[in-house]
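Observations on chain architecture
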Amino acid sequence: MPRKIPWIIKYRPKKIADVINQDSAKKQFIQWLESWLKGKPLKKAALLYGPAGCGKTSLVEAAANEYKLEVVEMNASDFRRKQDIERIAKVAATMRSLFARGKITLLDEVDGISGTADRGAIDAILHLLEVTRYPIVMTANDPWNQKLKPLRDASLMIAFKRLSERDVILVLKRICQAERLECEDNALREIARRSEGDLRSAINDLQAIAEGYGKVTITLVRELSAYRYREYAPFEALQKLFNAKYIWQAKAAITQTNIDYETMMIWVNEHIPTYYDDPEELARAFDALSRADVYMGRIRKSGSWDLLSYVFDMMGPGVAFARRIYKYKWKIFRSPKRLQLLAQTKRSREVREGIARALAPRLLTSKATVKRDVIPFLKIIFTNNPKYAAKIALGYELTEEMIKWLAGPKASQVLAYYKKYKR
Amino acid sequence: MSSSREVLAELLWAEKYRPRTLDEIVNQEEIVSRLKKFVEEKNMPHLLFAGPPGTGKTTAAHCLAHDLYGENYRQYMLELNASDERGIDVIRSKVKEFARTRVAANIPFKIVLLDEADNMTADAQQALRRLMEMYTATTRFILIANYPSKIIEPIQSRCAVFRFTPLKKEDVVSRLKWIADQEKVEYDLEALEAIYELSEGDMRRAINILQAAAALGKITVESVYKVVGLAHPREIRQMIQLALAGNFNEARDKLRELMINYGLSGLDVIKQVHREIFSQDIKLPDEYKIIIADLAGEIQFRLVEGADDEIQLNAFLARLAFIGKKLKS
């Protein structure tokens, strides 16, 4: 399986100038960064805020690239235990980068921390700001939560604007050219319009359509969004789940979608092997999912909906953290095979159900027992003794379709006898 | 015209040779004699028939009803199967509807036969208990279960409990012999004994094997094993082997084939897996067979409790793949 590079990574801006729009934010950020490099930081940290997919992280990465700095990303959930905080603070305060380069410490999505109501994490970051010898960048979609006030006070606040439709179209066009993709202008406009300024989601949409169909037309864009809620939404939720860096992200991937959790469970069940191929990771992920399923069963039985939270814990973080190392993974959209198979074999299952319904009352047993204990033997008779099979078909008034289903390769022979006897 | 059709039509022997009256039942003597008392007295309490599959519980219930009401007994009996009915509400409305219809001239009650009652949840059984009380003037319930311990205490205490024991070898073999003679098929006696061994005392299963083997020709030990082999999908073993070799995805495809094409339930699959694990064809150190059996037991328990077939079995296969990997390294 060729590993596809997500376009949001492939077309990440390499230079500050490549970052679309955001001129004032760029200016502020460069000024702040240079003040650090001169040894006289304006403020120790910068907090970049603005709507999703407007270029906050991209700007940090592009700037690091231009100034030859190393980006060290920190996991906010590391900020929970005291020894971790101290370890990180020590690293930030004393250690030089391995290649004697400067570095930027990046704390992505700090507004997620406040969501977990984790007071300790905020204190830990404040402590880090005091001792650090390197610039610290935080990002947030919404920095205005009361809990984040200490961080706001300690940081240079840099606002990012929502990208305009024109900005998004411009970037999409560049990608289409680089990929030699046939793209209709109004299709790109439609993607941009629907993205509401979120460039990351626009690029993901573009790639989903391009890789699915090899071209991008307005019809395909409309189709994509038509099934977005029904089918594409779980796909996006999976992406978030399996790429979650923190517990809260994994949990949010499950709880903050429009998909009900039972459907989501089918999707996770389907795609664990898509994201994991190491047997240990596979076993751990499925073990977590099976625990979620057990909790689900207990809820159904006892009506204790309080347990739902454990279902989410197990199918979200439980599955996401089954991995041994973190690696961003981007997989092509595929709908669950179980659903496809069920659709394909629907007729066949209906026939079997019909046979069970015909036989169960005659054999004084349940349809389930007929399917399990009787039909296998009936199939042996039908595939080995067409003449006798035809007589049994007569005895139970089986339909032609049922006979064909039971007899398989011998269908025509059984049917020939059946028609002869029936006359 | 219709007569020639009747001659040509064949039935499954499990139906064709089922006892129709209590007198025709050849085993479970003690139970039969107690049931005959009810017929004499034209009265009976609620009954609970418990015992392993294929020991004649459902047949005994039908024979009892037959002897009470005569040939047309089925119009005085409501037959329900807990594993086919969708929930207690469906059962309730059917019983309610049935209780309204008239009773036979000489018997003051009608019978509700509820098969596989141990498949009902405890809550549904509570509702069932109320139902039994509500209609007790005009109906008697016969509940049938494999495991009486899964029937809640308040129901057990309202029923006369009959425990059906596994059939003895000579009973099964002589019955098979009798059927084979009626059908004028040739057989080896050892073949009939082999059928008993393979059917684990389940008469319905034994008769199914007999009939399928007869369709192949003379009934021999060989043809019996062939039939049982064909009836057990090979995919179960292949699935286990694929998982142990680390091919999780292919093992999962096999699982889907079994469940969708063969129509096996998750429980069917895990039970057959359990049997396969200890066979010679699964090459594993013994201590791992024990670990896997333990795991299968846990999965089976979860499925009985109502967990999702595919998720639980995937978890099982993933663990097999992991064990397989550990063994290789």
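Residues numbered from 1 in each chain as written. Chains lettered and ligands numbered in written order. Predicted model: local features only at pLDDT ≥ 70, side-chain atom pairs only at ≥ 80, totals over all residues. Heavy atoms only, no water.

1. Examining the overall build of chain A
So the rule is basically this: Helix numbers and strand numbers start at the N terminus; a helix is a DSSP run of H or I with at least 4 residues, a strand a run of E with at least 2. Per-residue accessibility, obtained with a 1.4 Å probe over protein chains only, is compared with the maximum for each type, and a residue is labelled buried under 20%, exposed over 50%, and partly exposed between these values. In what follows, residue pairs with any heavy atoms lying within 4.5 Å of each other are defined as contacts. Accessible surface is estimated by sampling points in the Shrake-Rupley manner with a 1.4 Å probe; for residues, cover comes only from the protein chains shown.
Each helix and strand counted, chain A has 22 helices and seven strands in total. Counting every position in chain A, which comprises 423 residues, the buried fraction comes to 52%. Restricting the contact set of chain A to residue pairs at least 6 apart, pairs at least 24 apart contribute 76%. With an accessible surface of roughly 20200 Å², chain A has 51% of that area assigned to carbon and sulfur atoms.

2. Concerning the interface of chain A and chain B
Counted only if it meets this: Note: buried area is the sum, over both parts, of the accessible area (probe 1.4 Å) each one loses when the two are combined. One side-chain nitrogen of Lys or Arg within 4 Å of one carboxyl oxygen of Asp or Glu is enough to make a salt bridge. Within 3.5 Å is the distance limit for a polar contact, defined as a pair of N or O atoms, with the added protein rule that one can donate a hydrogen and the other accept it, and that residues adjacent in sequence qualify only through two side-chain atoms.
At the interface, 56 residues of chain A touch 56 residues of chain B. When the two sides are added together, the surface that chain A and chain B hide from each other amounts to roughly 5200 Å², 58% of it contributed by carbon and sulfur. For chain A, the biggest contributors to the area lost against chain B are K301(A), L364(A) and F377(A); these three give 14% of the whole. Where chain A meets chain B, there are five salt bridges. When the shortest N-O distance is used, the salt bridge between R256(B) and E270(A) registers 2.8 Å. Summed over the shared surface of chain A and chain B, the number is 21 residue pairs in polar contact (both at pLDDT 80 or more).

3. A short note on the nonpolar core
Basically, it comes down to this: Only buried residues count toward a nonpolar core, which is a set of Ala, Val, Leu, Ile, Met, Phe, Trp, Tyr and Cys residues joined through side-chain atoms within 4.5 Å.
Counting residues in hydrophobic clusters, the biggest one holds 67 residues, and the most contacted among them are I272(A) and F316(B). Once you skip the residues sitting within four places of it in the chain, I272(A) turns out to touch F242(A), L282(A), A285(A), F286(A), L289(A) and V319(A). One finds I403(A), Y418(A), V173(B) and M203(B) within the second-largest nonpolar core, a separate group that totals 60 residues.

4. Some words on the confidence of the model for chain B
All names here are of chain B. For the record, the criterion: pLDDT gives the predictor's per-residue confidence on a scale running from 0 to 100.
Across chain B, the average pLDDT comes to 89, with 97% of residues at 70 or higher. Note that residues 1-5 has pLDDT below 50 and, in this model, three contacts with residues that lie over four places away or in other chains. Quick note on the complex model: pTM equals 0.59, ipTM equals 0.80.

5. Here's the deal with the packing of helix α21 (residues 400-407) of chain A against helix α22 (residues 411-422) of chain A
Residues and elements named next belong to chain A. What counts, and what does not: Angles run from 0 to 180 degrees between N-to-C directions of axes, and those axes are lines fitted to C-alpha atoms, restricted for helices to the stretch in contact. Angles below 35 degrees are treated as roughly parallel, those above 145 as roughly antiparallel, those between 65 and 115 as roughly perpendicular, and all remaining angles as oblique. Two helices that cross are described as forming a left-handed crossing if the nearer one is turned anticlockwise from the farther one by less than a right angle, and a right-handed crossing if clockwise. Charged residues are taken to be Asp, Glu, Lys and Arg, nonpolar residues to be Ala, Val, Leu, Ile, Met, Phe, Trp, Tyr, Cys and Pro, and polar residues to be all remaining types, Gly included.
The contact between α21 and α22 brings their axes to 8 Å, and the two run at 140 degrees. The angle between α21 and α22 places the two elements in the oblique class. Seen along the crossing, α21 lies across α22 with a hand that is right-handed. Between α21, through E400, I403, K404 and A407, and α22, the contact on the second element is made entirely by A411, V414, L415, Y418 and K419. Residues that form the contact of α21 with α22 fall into these classes: six nonpolar, no polar and three charged.

6. Looking at the pattern of salt bridges
The final tally for this structure, using the stated rule, is 34 salt bridges over all chains. With a shortest N-O distance of 3.6 Å, D268(B) and R372(A) are connected by a salt bridge. One end of the pair, D268(B), is in helix α14 (residues 266-277); the other, R372(A), is in helix α19 (residues 367-384), on a second chain. Exposure remark for R372(A): the relative accessible area of 32% places this residue in the partly exposed category. Across the pair R158(B) and E133(B) runs a salt bridge, and its minimum N-O distance is 2.6 Å. Note that R158(B) is positioned in the loop between α7 (153-156) and β5 (159-163) and E133(B) in helix α6 (residues 122-134), a separation of 25 residues in sequence. Residue E133(B) is classed as partly exposed on the basis of its relative accessible area, which comes to 37%. Residues joined in a network through salt bridges with shared partners are D278(A), E280(A), R284(A), R324(A) and K325(B).

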